[in-house]
Amino acid sequence: MDLRELVSALNDFASLSLAESWDNVGLLVEPSPPHTVNTLFLTNDLTEEVMEEAVQKEADLILSYHPPIFAPLKRVTWKTWKERLVVRALENRVGIYSPHTAYDAIPHGVNNWLTKGLGACTSIPLHPSTAPNFPAESTHRVEFCTDNEHLDTVLSKIKGIQEISCLTTLPARVESEEQTRVSLNCSQKALLEVVALLSQNSLLYHKTQILLLQKPLLPHTGMGRLCTLSEPVSLSHIIERIKSHLKLPHIRIALGTGRTLESPVSKAAVCAGSGSSVLKGTEADLYLTGEMSHHDVLDAVANGISVILCEHSNTERGFLTELRDVLAIHLQNKISIIVSEKDRDPLQVA
């Protein structure tokens with residue numbers, strides 16, 4: 001496949017608009033066109049060891065879940081390991097693409113894969129995603145009624161304000177008087193100007209309504225998952241399920257106040273990677289994530305919530321095998337897709 005065709009297909013698989021605003025996703029390194037991709041190489045982290053593996057396996061595009069370029073690079077030299085990744089990629093005509101939090105949000109993504117470690121359950125996003133393109137750039141709707149005598153003057157002034165859309169007028173009867181209802185959509189900035197204009201006429205202003213435009217939620221899409229188990233099971237049983245799912249000999253556990261290993265788990269809040277900000281404040285019997293700050297663990301424990309930590313990338317990497325299979329179908333088996341054998345969590349238990 002041509003690189004641009006493949007990137008388009010990857011974006012269709014998981015829209016980059018679902019990624020968090022702070023993230024750096026999409027095509028990060030692009031060899032000069034035309035660039036044909038015969039082999040797509042999947043990894044959770046793109047280290048120098050993994051880059052050498054990708055080169056040896058003649059990969060044409062690396063899909064690295066974590067973006068290897070996050071902070072802006074001021075130069076590309078041989079001095080730092082991330083700069084060297086870019087150099088090696090360009091020297092060997094290997095592109096780099098990162099989806100990161102876009103894959104966290106999608107219904108068939110990382111977090112849904114992680115919930116499978118709990119056993120049979122139903123889940124909903126902890127922080128649902130919203131539709132990216134509605135309602136356009138507008139944040140508010142303003143509606144007011146005015147008598148026909150002042151209508152043209154008011155409309156003339158409103159049309160002079162930037163960032164206003166969907167301006168409509170309809171006949172209206174207010175207190176037995178024939179008037180006109182004016183409706184418009186506007187940005188936060190324009191709202192201040194509209195309010196300032198309308199407030200110059202107290203009768204007009206008192207007939208004004210301001211509505212917050214909220215984008216519709218996307219079903220089954222968003223950050224984290226709140227899982228309701230089909231049947232409550234003991235925490236010790238959940239631990240064994242998670243270790244089996246993640247293929248880990250050890251995990252870290254903090255027991256909630258008043259809880260034991262035999263305490264039942266009915267609800268679990270899940271977040272792949274670093275889950276503190278996503279899980280915080282969620283009511284559940286258990287938090288499952290890769291890592292949390294010391295004080296956030298203490299807060300959870302004090303609230304009777306047990307915490308299981310598996311290290312950051314251990315809660316993500318196993319998804320790559322599932323991703324390989326679903327991408328093969330999505331891409332109609334047009335290219336070879338392989339998973340890194342060198343990619344691993346940097347932390348080991350000694």
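Residues numbered from 1 in each chain as written. Predicted model: local features only at pLDDT ≥ 70, side-chain atom pairs only at ≥ 80, totals over all residues. Heavy atoms only, no water.

The condition is simple: UniProt positions are given in the numbering used here, feature names are shortened, and annotations may be inferred rather than shown by experiment.
Looking at an unreviewed UniProt entry, one finds the protein chain named NIF3-like protein 1, with Smithornis capensis as its source organism. Under the UniProt heading Subunit (unreviewed entry), the note attached to the protein chain is "Homodimer. Interacts with COPS2. Interacts with THOC7." The Sequence similarities (unreviewed entry) comment attached to the protein chain in UniProt states, word for word, "Belongs to the GTP cyclohydrolase I type 2/NIF3 family."

1. Side note on the sheet that holds strand 6 (residues 140–147)
The cut-off we apply is this: Between any two strands, pairing holds if DSSP finds at least two bridges. Secondary structure elements are defined from DSSP: runs of H or I of at least 4 residues count as helices, runs of E of at least 2 residues count as strands, and each element is numbered from the N terminus. A fitted line through C-alpha atoms serves as each axis, taken over the contacting stretch for helices, and the angle formed by two N-to-C directions is quoted from 0 to 180°.
If you trace the four strands from one edge of the open sheet to the other, you get 7-8-6-9, paired in antiparallel fashion. Since the sheet does not close on itself, it has two edges, and those belong to strand 7 (164–174) and strand 9 (208–212), each with one partner. Ignoring strand direction, the axes of neighbouring strands in this sheet form an average angle of 20°. Note: strand 6 against strand 9, five bridges, orientation antiparallel.

2. Some remarks on the UniProt feature "binding site: a divalent metal cation" (unreviewed entry) in the protein chain
Under the convention used in this document: Remark: exposure states derive from per-residue accessible area (1.4 Å probe, protein chains only) relative to the maximum for the residue type, with buried under 20%, exposed over 50%, and partly exposed in between.
The feature "binding site: a divalent metal cation" (unreviewed entry), as given by UniProt, occupies His66, Asp104, His312 and Glu316 in the numbering adopted here. A maximum C-alpha distance of 13.4 Å among these annotated residues, which run over 251 residues, shows that they cluster at one spot. Tracing the chain through its elements places histidine 312 in the loop between strand 14 (306–309) and helix 12 (319–330). What makes histidine 312 partly exposed here is its relative accessible area of 24%.

3. Some points on the nonpolar core
Formally: Throughout this description, the term nonpolar core refers to a set of buried Ala, Val, Leu, Ile, Met, Phe, Trp, Tyr and Cys residues connected via side-chain atoms within 4.5 Å. Note that domain bounds follow an automatic or database assignment of domains. Residues count as neighbours in contact if any of their non-hydrogen atoms are within 4.5 Å of one another.
One finds Tyr103 and Ile308 to be the most contacted residues of the largest nonpolar core, which totals 67 residues. There are two domains that each give this core at least three residues, and those are domain 1 (3–104) and domain 2 (107–129 + 220–312). Apart from the residues lying within four places of it in its own chain, the contact partners of isoleucine 308 are Leu235, Ile238, Ile239, Ile242, Ile251, Arg252, Ile253, Leu286, Tyr287, Leu288 and Thr289.

4. Overview of the sheet that holds strand 15 (residues 336–339)
Taken in spatial order, the five strands make up an open sheet running 1-4-3-2-15, and their pairing is mixed. Two strands lie at the open edges of the sheet, namely strand 1 (26–29) and strand 15, each paired on one side alone. The sheet shows a mean angle of 25° between the axes of neighbouring strands, taken without regard to direction. Strand direction decides the pairing type here: strand 1 and strand 4 (residues 95–98), joined by three bridges, are antiparallel. The residue of strand 4 that forms the bridge with valine 29 is isoleucine 96. Packed on one face of the sheet, helix 1 (residues 3–13) meets strand 1, strand 3 (61–64) and strand 4 and runs near 20° to strand 3.

5. Considerations on the domain arrangement of the protein chain
Domain boundaries in the protein chain define domain 1 (3–104), domain 2 (107–129 + 220–312) and domain 3 (135–212). Taking the mean C-alpha position of each, domain 1 and domain 3 sit 48 Å from one another.

6. Digging into the pairing of strand 3
As a reminder of what qualifies: When the strands point away from the viewer, a crossover counts as right-handed if the route from the first strand across the helix to the second turns clockwise.
Neither face of strand 3 is left uncovered, since the one carrying Leu61 and Leu63 and the one carrying Ile62 and Ser64 both have all their residues buried. Strand direction decides the pairing type here: strand 2 (residues 39–43) and strand 3, joined by four bridges, are parallel. Its bridge partner being in strand 3, threonine 43 is matched across the sheet by serine 64. Handedness of the β-α-β unit built from strand 2, helix 2 (residues 48–56) and strand 3 comes out right-handed. Read as a crossover between parallel neighbours, the route from strand 3 over helix 3 (residues 81–91) to strand 4 is right-handed.

7. A closer look at the side chain of serine 276
Note the following rule: Under the rule applied, a polar contact is a pair of N or O atoms within 3.5 Å (in protein, one hydrogen donor and one hydrogen acceptor; residues adjacent in sequence only if both atoms are side-chain atoms).
Tracing the backbone through its elements, the reader meets serine 276 in helix 10 (residues 276–279). A distance of 3.2 Å separates the side chain of serine 276 from the backbone nitrogen of serine 293, its partner in a polar contact. Setting aside residues no more than four positions away along its own chain, serine 276 makes contact with Glu291, Met292, Ser293 and Asp296.

8. Points about a nonpolar patch on the surface
Here is the rule we go by: Note that patches include only residues with greater than 30% relative accessible area and no salt bridge, and the join distances are 9 Å for like charges and 5 Å for nonpolar side chains (Val, Leu, Ile, Met, Phe, Trp, Tyr). A 1.4 Å probe and the Shrake-Rupley method give the accessible areas. Residues count as covered only by the protein chains that appear here. The salt bridge definition used is simple: a Lys or Arg side-chain nitrogen within 4 Å of an Asp or Glu carboxyl oxygen.
Together, Ile253, Leu255 and Leu261 make up an exposed nonpolar region whose accessible area comes to about 220 Å². Here leucine 255 shows up in the loop between strand 11 (252–254) and strand 12 (264–274).

9. Observations regarding the packing of aromatic side chains
In plain terms, the rule: When the centres of two rings from Phe, Tyr and Trp lie within 6.5 Å, Trp using its six-membered ring, the rings pair. Their planes under 30 degrees apart give stacked, over 60 give edge-to-face, and anything left gives tilted. Put simply, a charge is over a ring when the Lys NZ or the Arg CZ is close to the ring centre, within 6 Å, and near the line of the ring normal, within 35 degrees.
A full pass over the atoms with the stated rule returns three aromatic pairs. Judged by centre distance (5.7 Å) and plane angle (80°), the rings of phenylalanine 13 and tyrosine 103 are edge-to-face. On the criterion of sequence distance, the pair formed by phenylalanine 13 in helix 1 and tyrosine 103 in helix 4 (residues 101–105) is long-range, its members being 90 residues apart. What makes phenylalanine 13 buried here is its relative accessible area of 9%. Tyrosine 103 gets classed as buried once you look at its relative accessible area, which sits at 1%. Members of the aromatic cluster, joined through ring pairs, are Phe13, Tyr103 and Phe319. Directly above the ring of tryptophan 78 sits arginine 84, whose terminal nitrogen or CZ lies 6.0 Å from the centroid.

10. Thoughts on helix 2
Taken as a whole, helix 2 has its buried residues at Val50, Met51, Glu53, Ala54 and Val55. Buried residues belonging to helix 2 abut strand 2, strand 3, helix 3 and strand 4. One or two residues past the end of helix 2 sits glutamate 58, with phi positive at roughly 55°.

11. Observations regarding the environment of leucine 28
The residue leucine 28 is located in strand 1 in this model. For the pair leucine 28 and lysine 215, spaced 187 residues apart in sequence, the C-alpha separation works out to 29 Å. Residue contacts for leucine 28: discarding those within four places in its chain leaves Pro67, Pro68, Ile69, Ile96, Tyr97 and Ser98.

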